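Descriptive analysis of the structure
So the chains spell out like this:
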Amino acid sequence: MAKQSIVEREKKRARLVKKFSLRRAELKAIVENTGKTEDERYEARLKLQALPRNANPTRQRNRCALTGRPRGTFRKFGLGRAKIREIGFRGEIPGLTKASW
C-alpha cells in the first residue's frame, strides 16, 4: 500500500492537469504557429513556462486504484498486477480468463 500522501499528490496533479489543459493547449498552439510574430510566440512561451509544473500531463503517474502501487499498473483496468490476479481469480473482472492451465 502506497503512502496516502503520495496518492493524494497524484490526485492533485490530475486536478491541475484538467484545470490547465485548455490554457496549455491554446498557448502551445500559439508557440507552434509559424504565422505569428516572434514576439507573440515568445510571450506565449513565457506564459507557458509560468503555468504550474504539476499542470503538465507528463508529471502524472499511473497508479493502482486500490493500493496506489505505481509500478505494474494495467491501463485497461487501472489496477496493479497483483490486484488483477486476485480479483481475476475470483471472477470479478468480466472477460478476463486465466491464460495458462
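First, a word on scope: everything that follows refers to the structure included in this document. Note on numbering: residues in each chain are counted from 1, in written sequence order. Restriction of local features to residues with pLDDT of at least 70 applies here, the model being predicted, together with a cutoff of 80 or more for giving and counting side-chain atom pairs; totals for whole chains, interfaces and linings are based on all residues. Side-chain numbers come from the whole structure's heavy atoms, not from hydrogens or water.

This next bit is on the nonpolar core. The tendency in soluble globular proteins is for nonpolar side chains to be buried as a group. One finds L16, F20, L27, V31, A44, L48, L51 and A55 forming the largest nonpolar core, which totals 8 residues. Under the scheme used here, helices are H or I runs from DSSP no shorter than 4 residues and strands are E runs no shorter than 2 residues, and both carry numbers assigned from the N terminus. The set of elements that each furnish at least two residues to this core consists of α1 (4–32) and α2 (38–50). Sort the elements by how many residues they give to this core and α1 lands first, with 4 residues. By definition in these notes, contact holds between two residues if any of their heavy atoms fall within 4.5 Å. Once residues lying within four places of it in the same chain are set aside, the contact partners of F20 are L51, P52 and A55. As used here, the term nonpolar core means buried Ala, Val, Leu, Ile, Met, Phe, Trp, Tyr and Cys residues forming a set that is joined through side-chain atoms within 4.5 Å. Partly exposed describes any residue whose relative accessible area lies between the buried limit of under 20% and the exposed limit of over 50%, with all areas from a 1.4 Å probe on protein chains only and scaled to the type maximum. The next biggest cluster of nonpolar side chains, apart from the first, holds 5 residues, and it includes C64, I84, I87 and I93.

Time to look at a positive patch on the surface. Like-charged residues within 9 Å of one another, or nonpolar side chains (Val, Leu, Ile, Met, Phe, Trp, Tyr) within 5 Å, are grouped into patches, provided each residue has over 30% relative accessible area and no salt bridge. Under the convention used here, a 1.4 Å probe and the Shrake-Rupley method define accessible areas, while residue burial counts only the protein chains that appear. Put simply, a salt bridge is a Lys or Arg side-chain nitrogen that is within 4 Å of an Asp or Glu carboxyl oxygen. Positive charges come from Lys and Arg alone, negative charges from Asp and Glu alone, with His and the N- and C-terminal ends not counted. Each charge is placed at NZ for Lys, CZ for Arg, CG for Asp and CD for Glu. Taken together, the side chains of R61, R69, R71 and R81 present a region of like positive charge at the surface. As for its placement among the helices and strands, R61 is situated in the loop between α2 and β1 (73–74).

Locating R13 in the fold gives a position in helix α1. Note on R13: relative accessible area 14%, which makes it buried. If we skip the residues at most four places from it in the chain, R13 touches N54, R59 and Q60.

As a further point, take α1. Under the convention used throughout, the expected extent of a helix is 1.5 Å for every residue step, that is, one less than its residue count. Taking 1.5 Å per residue as the helical rise, α1 with its 29 residues ought to reach 42 Å, and the 39 Å between its terminal C-alpha atoms agrees with that figure. Here the bend at a residue is taken as the angle between two axes, fitted respectively to the seven residues that end there and the seven that start there. The sharpest bend along α1 reaches about 50° and sits at F20. For α1, the full list of buried residues reads V7, E10, R13, L16, V17, F20, R24, L27 and V31. Packed against the buried residues of α1 are α2.

As a working rule, side chains carrying opposite charge can pair if their charged atoms are close by. Here the structure, examined in full by the defined rule, presents 6 salt bridges. In this structure, K11 and E8 form a salt bridge, with 3.5 Å as the shortest nitrogen-oxygen distance. With a gap of 3 residues between them, K11 and E8 both fall in helix α1, about one helical turn apart. Residue class for K11 comes out partly exposed when judged on its relative accessible area of 43%. For E8, a relative accessible area of 36% translates into the label partly exposed. For R13, the salt bridge is made with E10, and the minimal N-O distance between the two is 2.9 Å. Pair noted here: R13 and E10 are both in helix α1, with a separation of 3 residues, about one helical turn. With respect to burial, R13 and E10 carry one shared label: buried.

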